[in-house]
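# Notes for the structure review
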Amino acid sequence: EGKPGVIGIILDVSERKRAEAELEQNRLHLEELVAARTADLSIAKEAAEAANRAKSSFLANMSHELRTPMNAIIGLAGILQRRYDDPVLSDKIGKISGAANHLLHLLNDILDISKIDAERLTLECVPFRFGRIFADVDSLVSERLESRHLYLRRNIDARLAGMDLFGDPLRLQQVLLNLVTNAVKFTEQGGVTVEAVVEAESESDIALRLVVEDTGMGIAPEALQRIFDPFEQADSSTTRRHGGTGLGLAICKRLVQLMGGRIEVTSTPGVGSRFSFVLRFNKVEAASADVASATVS
């Protein structure tokens, strides 16, 4: 008869345990490294944002001091140009005036973008006549259009010309003027079309789609989003050819956002570009009727 037996197997798992312990230690160390790196990045990000806010706040506070001497130079150059009829001297004064105006334009762009970044730019809400905005833009670009032999077409809803609305006319005009001027700059033949159509309407307010379309050189697809970044242009070579800082479209985008809209662009290289945005305005008539109703009651 066979005797019962026991078969035993002994496995040495000390190496596996040692490897697991080492892996766990490495995992914990990696987590500590990731946490430390994340904290460092967060601190660096906060420092960079604080520095950017400080820079923007400094420029916003300095806006008056920076503009005042430039306005003085422009004013004095104008006085001198009227006082002297020497053609050589007049030409030199004209160049001083032109350079000063160009520098003031650059300063205004930089200060505007800084005010927006520093959250120092506030929009007005005053009554304005919509048709007046387009008339002012037209008069401001007419000379440039004529010199380049381009047209400016206005497709404006007939009711809008005499409509009184609440908003910030200065900033709305700035957006439209920037877009039209930009369109003229990059258009060699044809011209620019400005449209204003009613997107939606109620008794108290109205939503308008504003469009600026050109027959210019167009924008490459990969550059469409980049053009709204500060100091960016679709093609860096255009800075040398056409001038500018690349701030105009960045300012347009941020002003439209402040007014509650979102600017969009479509473009075909060699055919042209189309910028559009929708803004909502309260009607002056409705506000006046509410005040009259409240007074009567």
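Described in the following lines is the structure provided in the data block. (Residues numbered from 1 in each chain as written. Predicted model: local features only at pLDDT ≥ 70, side-chain atom pairs only at ≥ 80, totals over all residues. Heavy atoms only, no water.)

### Here we look at the overall build of the protein
Assigned secondary structure in the protein consists of eight helices and seven strands. A burial count over the protein gives 34% of its 297 residues as buried. Within the protein, residue pairs in contact and separated by at least 24 positions form 74% of the contacts whose partners lie at least 6 positions apart. As presented, the protein carries roughly 18700 Å² of accessible surface, and 55% of it is formed by carbon and sulfur atoms. (Helix = DSSP H or I, 4+ residues; strand = E, 2+ residues; numbered from the N terminus. Buried < 20%, exposed > 50% of the residue type's maximum accessible area, 1.4 Å probe, protein only. Contact = heavy atoms within 4.5 Å. Areas by Shrake-Rupley, 256 points an atom, 1.4 Å probe, with all protein chains shown as cover.)

### Considering the pattern of salt bridges
Across all of its chains, the model carries 14 salt bridges by this definition. Between Glu-31 and Arg-27 there is a salt bridge; the shortest N-O distance is 2.6 Å. Pair noted here: Glu-31 and Arg-27 are both in helix H1 (residues 14-61), with a separation of four residues, about one helical turn. Residue Glu-31 is classed as partly exposed on the basis of its relative accessible area, which comes to 43%. Between Arg-280 and Asp-205 there is a salt bridge, and its shortest N-O distance comes to 3.1 Å. A residue pair is termed long-range when its members are at least 10 positions apart, and Arg-280 in strand S7 (residues 272-283) and Asp-205 in strand S5 (residues 205-214) qualify at 75 residues. Assessed through its relative accessible area of 13%, Asp-205 is described here as buried. Taken together, the shared-partner salt bridges in this structure form one network comprising Glu-24, Arg-27 and Glu-31. (Salt bridge = Lys/Arg side-chain N within 4 Å of Asp/Glu carboxyl O.)

### Things to note about the packing of aromatic side chains
This structure, assessed with the given rule, holds five aromatic pairs. When the ring of Phe-128 is compared with that of Phe-281, the centres are 5.8 Å apart and the planes differ by 75 degrees; the resulting orientation is edge-to-face. In this pair, Phe-128 sits in strand S1 (residues 126-129) while Phe-281 sits in strand S7, placing the two residues 153 residues apart along the sequence. Each member of the pair, Phe-128 as well as Phe-281, is classed as buried. Residue placement shows Arg-153 over the ring face of Tyr-151; its charged tip is 4.1 Å from the ring centre. (Phe/Tyr/Trp six-rings, centres within 6.5 Å; stacked < 30°, edge-to-face > 60°. Lys NZ or Arg CZ within 6 Å of the ring centre and 35° of its normal.)

### Some thoughts on the packing of helix H4 (residues 130-148) against helix H5 (residues 169-185)
Between H4 and H5, the least distance of the axes is 10 Å, while the angle of their chain directions is 25 degrees. The angle between H4 and H5 places the two elements in the roughly parallel class. The two elements H4 and H5 meet at a crossing, and its hand is right-handed. Each of Phe-130, Ile-133, Phe-134, Asp-136, Val-137, Leu-140, Val-141, Arg-144, Leu-145 and Arg-148 in H4 lies in contact with H5, whose residues at this interface are Pro-169, Leu-172, Gln-173, Leu-176, Leu-177, Val-180, Thr-181, Val-184 and Lys-185. (Axes fitted to C-alpha atoms, helices over the stretch in contact; angles between N-to-C directions. Parallel < 35°, antiparallel > 145°, perpendicular 65-115°, else oblique. Left-handed = near helix turned anticlockwise from the far one by under 90°.)

### Here's the deal with the side chain of Asp-112
On the secondary structure map, Asp-112 appears in helix H3 (residues 87-117). Looking at Asp-112, its side chain comes within polar contact range of the side chain of Arg-171, at 3.4 Å. A polar side-chain atom of Asp-112 sits 2.8 Å from a polar atom in the side chain of Gln-174. Those residues in contact with Asp-112 that lie beyond four places of it in its chain are Arg-67, Leu-121, Arg-171, Gln-174 and Ile-251. (Polar contact = N/O pair within 3.5 Å; in protein donor to acceptor, adjacent residues only side chain to side chain.)

### A closer look at H5
Here H5 spans 24 Å end to end across 17 residues, near enough to the 24 Å set by a 1.5 Å rise per residue. H5 sits mainly inside the fold: 13 of its 17 residues count as buried. (Expected span 1.5 Å × (residues − 1).)

### Digging into empty space enclosed by the protein
Inspection of every chain in the model, using the stated rule, returns one cavity of 30 Å³ or more. Computed from the structure, the largest cavity encloses a volume of approximately 30 Å³. In terms of lining, the largest cavity is formed by Phe-134, Val-137, Asp-138, Leu-152, Arg-154 and Val-194. Mapped onto the lining of the largest cavity, the elements with two or more residues apiece are H4 and strand S2 (151-156). Among the elements that take part in the lining of the largest cavity, H4 stands out by supplying three residues, more than any other. The residue makeup of the lining of the largest cavity, split by class, is four nonpolar, no polar and two charged. (1 Å grid on protein atoms, 1.4 Å probe; cavity = no way out; pocket = protein on both sides within 12 Å on 5 of 7 lines; lining within 4 Å. Points joined across faces, edges and corners; volume = space filled by probe spheres on them. Nonpolar A, V, L, I, M, F, W, Y, C, P; charged D, E, K, R; others polar.)

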